[in-house]
Amino acid sequence: METKDDNISAMCKPAVGEAGKTGDWRDATPVIDPAKCIASVKNRPACYLCWLYCPEGIVTAGVPVEIDLTYCKGCGICAEECPAKAITMVMHEEGKS
Amino acid sequence: MSDVQILTGNQAAAHAVKLCKVQVISAYPITPSTPVTEAISQWVERGELKAEYIRVESEHSVMTVCISASTVGARVFTSTSSHGLLYMHEQLHWAAGSRLPIVLACVNRGVGAPWSIFNDQQDSIAQRDTGWIQIYCRDNQEIIDSLIQAYRIAEQVYCPVMVCYDGFILSHTMMPVDIPDADQVCRFLPPYKPHTILSPEDPRNINPVIFPWQRRDAEGVLRDGYMDLRWKLQHALEGSRDVIVETCRAYAEEFGRDHGGMLWTYRANDAEVLLASMGSLATEATVAVDLLREQGIRAGLVGIRVYRPFPRREVREAFGKVPAIVVFEKDISYGYEGALCADIKASLYGTGIQTPVHHFIAGLGGRDVKAGELAEAVRSSLAAIASGNSEKQTWLNCVTE
Amino acid sequence: MPEKLFKVHKEEYILPGNRACSGCGLTLAYRYLLKALGENTILTLPASCLTVLHGLYPTTSVSIPCLNCTFASTAASASGLVAGLAAMNRSDITVVAIAGDGGTFDIGIQALSGAAERGTDFIFVCYDNEGYMNTGTQRSSATPAGALTTTTPFLTKQQNKKDMMKIMEGHDIPYLASTSASFPMDIYDKFVKAKRIKGTRYIQIATPCPPGWAFPPRDTVKIGRLAVETGIVVLYEIEDGKFRFTGRSKTLAEKGARAPVINFVERQGRFRKMSMEQLGQLQRSVNNKWSEYLKRAAE
């Protein structure tokens, strides 16, 4: 027997993925080149402008830098702002994601 | 303990707010409701009522302040009339959909265009679809008693309540009012327990966009779509009938005054014609009933006290056996007929009751309505009914074609 | 650069998988203002892009308590929260109203003016994407002259952008600030400061909008930066009447090297019908604004 909704007005709880796996939105995927990424090259916390400017906050400012591709919408701001030009937005092949 | 004072309707309303220990009052002036919040501001500024008093910049904001303050758990109040009520119309819908126990005193006044500052009930009756409970008071005693009951009803069913009383006729007229004892009122009103959670301890997003369909949450529970939530409001309003009746009964037991629950009757038992009305017009109609009785017509009156939820069951019972019904009301649903009349007729549908129902649109924009005119109107209706006219709309004492 | 970043509150209050557009300037700004405000906050917001970011029932993408309200009522909703929380002895919670430019400059201006005039103890944030973007890019009074929108689709917007900061300054409030999504640390610092101030605080954030302004999402930060570099958007604060440039605008004020406004305009599809006259008018108004601000900063 399915539990009924006990709310009498619309009250939401926080959770990841309200709009689903927004990684599906992308038509280009960010790829970080560790040979160029300043944090990777220096092998310590550094730069992190990609973390700073990601609207979604899905960049992990670690060594190496990691992007959560399940939710990355592919805006490309990280690639645009990276001072080392370490991030490339790789276009998906037609018909594939 | 009896504390009878000579009060205007507005003063009676203000006293109710003080007794109910309302915590947030949002106020905007509009004739003839202004004295209510003026009286409250005196008490607040002198420290006799501990409350936040927000002098907002419009009636739309009046209701908005009520909504958000009630959401975080404060008992709230406001009063308004006419265009003030109309200006907050959007927020009335929002308050009901939010399921908040807001109490509003509507001091009935006609609406423009053109401007009228005088009494009719178009303002509140035009809000009948918003999801608010509506109570119509027949005298100043009922104003103070109904406002106190309103908090208990609202906070139990989580629906907002509008207590309506006629502008100038009641709001500015002085009558003896027995002011209930403050401690007794405290005991009569349990503290408000909000169902809404708006707190850093448990972050929620309240009243966002909702899809038409049901949708699972992150824990897998199937949650409502828009229509399901809206059904809950309708269901709560229908169920509030029992709470309204019980509250009235409990109030009568505690304070000794019974205002009748959903509706009240006057000399109705053996009636050959029943008048129907709301508010101070119903009080005037009791005088008309007496006049008719003196003239040999066995008239009676049904005073509708609660207009929403509409007292379908009580109306069917009250009008079940009478051969003629004459409705008097201070409103019109333009393009159709008086709203009260239409609702009465609709509630009789399907019961087999085929009673002729005549109605009179009376007193719009404050045009005076005298008991003698009501009695004359009933006599003319009875004559028309006798000659086979079972349904008629007449504008009382008005220039028509 | 990294030292400043490391002082920033780490927790993300916007959860991934939210409904905002790819490359949304608002989302970027929102990340930092929420970090600065922290958890002891209650938000209220009207129908707007932010409503959609917050998500649809029964899930929300933001882990700060939030009350949705009707379009015109944001500042009044905040007033009710402040009053209700005072009645419940929870005045320690910061009340923050957030509306778009439509909900601030246009439909929301009446309630905002009322709340500010009453000295309501809250922060009102306007995220300015220069149009009604949630409904598909219609013109608002924040839309700059020369911009194409769906309601100014051929002749472009004729009127200059409304100076909302000046209007808010007329309300005698303790703190106003102008900031930009392209300068997250400027946002962060201003909100950390604003949180500590009592009374009405008004903060306007320039938030570029890729679909509405017609530029690729990857350029959001660049476009917002150009707005500041050209002096169209100024980073400043007015605290108890005292004007102060901040961040990049402070540097520009000291070095006097503002870029020409065409650098900002030429990158956006919404300005493709802008006339030379409108462009000239924009440059002149930026120059005039800076003369005034430089004078005030020197006082």
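Rules behind the numbers
- Residues numbered from 1 in each chain as written.
- Chains lettered and ligands numbered in written order.
- Predicted model: local features only at pLDDT ≥ 70, side-chain atom pairs only at ≥ 80, totals over all residues.
- Helix = DSSP H or I, 4+ residues; strand = E, 2+ residues; numbered from the N terminus.
- Buried ≥ 20, exposed ≤ 12 C-beta atoms within 10 Å, placed from the backbone.
- Contact = placed C-beta atoms within 7 Å.
- Nonpolar A, V, L, I, M, F, W, Y, C, P; charged D, E, K, R; others polar.
- Pairing = 2+ DSSP bridges.
- Core = buried A, V, L, I, M, F, W, Y, C linked by C-beta atoms within 7 Å.
- Domains from an automatic or database assignment.
- Axes fitted to C-alpha atoms, helices over the stretch in contact; angles between N-to-C directions.
- pLDDT = per-residue confidence, 0-100.
- Arc of directions from axis to C-beta.
- Parallel < 35°, antiparallel > 145°, perpendicular 65-115°, else oblique.
- Left-handed = near helix turned anticlockwise from the far one by under 90°.
- Right-handed = clockwise from strand over helix to strand, strands pointing away.

## Comments concerning the overall build of chain C
Item 1. If you tally the helices and strands in chain C, you get 13 helices and nine strands.
Item 2. Taken across its 299 residues, chain C has 60% of its residues classed as buried.
Item 3. Sequence separation of 24 or more characterises 69% of the internal contacts of chain C that already satisfy a separation of 6 or more.

## Structural notes on the interface of chain C and chain B
Item 1. Contacts between the two partners involve 41 residues from chain C and, on the opposite side, 39 residues from chain B.
Item 2. The set of elements that each furnish at least two residues to the side of chain C that touches chain B consists of β1 (41–45), α3 (49–54), β2 (59–60), β3 (66–68), α4 (74–87) and α6 (109–117) of chain C.
Item 3. In terms of residues, the side of chain C that touches chain B owes the most to one element, α4(C), which gives ten residues.

## Overview of the interface of chain A and chain B
Item 1. Counting residues at the interface gives twelve residues for chain A and 22 residues for chain B.
Item 2. For the side of chain A that touches chain B, the residue count by class is six nonpolar, three polar and three charged.
Item 3. As defined by bridge partners, strand β1 (residues 11–14) of chain A adjoins strand β9 (residues 205–206) of chain B across two bridges and the pair is classed as antiparallel. In the strand pairing of β9(B), A:C12 is matched with B:N205.

## Observations regarding the nonpolar core
Item 1. Residues B:V161, B:V163, B:L275 and C:V125 are the most contacted members of the largest nonpolar core, which totals 241 residues.
Item 2. Taken domain by domain, the makeup of this core includes at least three residues from each of domain 1 (4–188) and domain 2 (263–395) of chain B.

## With respect to the sheet that holds strand β7 (residues 161–166) of chain B
All names here are of chain B.
Item 1. One open sheet accounts for seven strands, arranged β3-β2-β4-β5-β7-β6-β15; its pairing is mixed. A single partner strand is all that each edge strand has here, and the edge strands are β3 (52–55) and β15 (306–308). Each strand of the sheet is rotated relative to its neighbour by a mean of 20°, with strand direction disregarded.

## What to know about the domain arrangement of chain B
Residues and elements named next belong to chain B.
Item 1. Taken domain by domain, chain B holds domain 1 (4–188) and domain 2 (263–395).
Item 2. Contact residues are listed per partner, giving 23 residues for domain 1 and 19 residues for domain 2.
Item 3. Looking at the side of domain 1 that touches domain 2, the elements with two or more residues in it are α6 (122–125), β6 (133–136) and β7.
Item 4. Ranked by residue count, the leading element in the side of domain 1 that touches domain 2 is β6, at four residues.

## Section: the sheet that holds strand β6 (residues 175–180) of chain C
Adjacent strands of a sheet form backbone hydrogen bonds with each other and so pair up, either parallel or antiparallel.
Item 1. The eleven strands are arranged β2(C)-β1(A)-β9(B)-β3(C)-β1(C)-β4(C)-β5(C)-β7(C)-β6(C)-β8(C)-β9(C) in an open sheet whose pairing can be described as mixed. In this open sheet, the two strands that pair with only one neighbour each are β2 and β9 (242–245) of chain C.
Item 2. Pairing between strand β5 (residues 123–128) of chain C and strand β7 (residues 201–206) of chain C: six bridges, direction parallel. Note that in β7(C) the partner of C:Y127 across the bridge is C:I205.
Item 3. Contacting β4 (94–100), β5, β6, β7 and β8 (236–239) of chain C, helix α8 (residues 184–196) of chain C runs over the sheet at an angle of about 165° to β6(C).

## Description of the confidence of the model for chain C
Item 1. For chain C, the mean per-residue pLDDT works out to 97, and 99% of the residues sit at or above 70.
Item 2. Complex prediction metrics read pTM 0.97 and ipTM 0.97.

## Concerning the environment of B:P311
Residues and elements named next belong to chain B.
Item 1. Relative to the assigned elements, P311 resides in the loop between β15 and α11 (312–318).
Item 2. The exposure class assigned to P311 is buried, which follows from the 24 C-beta atoms found within 10 Å.
Item 3. Considering only alpha carbons, one finds P311 and D343, 32 residues apart in sequence, at a separation of 9.6 Å.
Item 4. Here P311 is in contact with M262, L263, I304 and V306, once residues within four sequence places are set aside.

## With respect to helix α12 (residues 339–348) of chain B
All names here are of chain B.
Item 1. Of all the positions in α12, only L340, C341, D343 and I344 are classed as buried. Viewed along the axis of α12, the buried residues span an arc of 165°, placing them on a single side of the element.
Item 2. Following α12 by one or two positions, G350 adopts a phi angle in the positive range, close to 85°.

## Let's talk about the environment of A:C75
Item 1. Within the secondary structure, A:C75 is located in the loop between β4 (66–67) and α3 (77–81).
Item 2. When the C-alpha atoms of A:C75 and A:T88 are compared, they prove to be 12 Å apart, with 13 residues separating the residues in sequence.
Item 3. Residues contacting A:C75, with those up to four places away along its chain left out, are A:P55, C:S22, C:G23, C:P217 and C:R218.

## Quick look at the packing of helix α3 (residues 59–71) of chain B against helix α5 (residues 89–97) of chain B
Residue and element names in this part refer to chain B.
Item 1. The N-to-C vectors of α3 and α5 enclose an angle of 15°; their axes lie 8 Å apart at closest approach. Comparing the axis directions of α3 and α5 gives the class roughly parallel. Note on packing geometry: the crossing formed by α3 with α5 is left-handed. Touching H60, M63, T64, C66 and I67 of α3 are Q91, L92, W94 and A95, all from α5.
Item 2. Class assignment for the residues of the contact of α3 with α5 results in six nonpolar, three polar and no charged.

## Focus: the environment of B:P180
Residues and elements named next belong to chain B.
Item 1. Here P180 shows up in the loop between β8 (175–178) and α8 (182–188).
Item 2. For P180, a count of 23 C-beta atoms within 10 Å puts it in the buried group.
Item 3. In this structure, P180 is in contact with L19, I148, V185 and F255, ignoring residues within four places of it in sequence.

## Quick word on the pairing of β1(A)
Item 1. The sheet contact formed by β1(A) and β2(C) spans two bridges and is parallel. Following the sheet pairing, A:K13 is matched in β2(C) by C:T59.

## Here we look at the pairing of β6(B)
All names here are of chain B.
Item 1. Residues I133 and I135 of β6 are buried on one face, and the alternating residues Q134 and Y136, pointing to the opposite face, are buried as well.
Item 2. Of the strand pairs in this sheet, β6 and β7 are connected by four bridges, and their pairing is parallel. Its bridge partner lying in β7, Q134 is registered against M162.
Item 3. Assessed by its sense of winding, the connection that carries the chain from β6 through helix α7 (residues 140–157) to β7 is right-handed.
Item 4. Relative to β15, β6 runs antiparallel, the two being bridged by two bridges. In the sheet register, Q134 faces β15, and the bridge partner there is R308.

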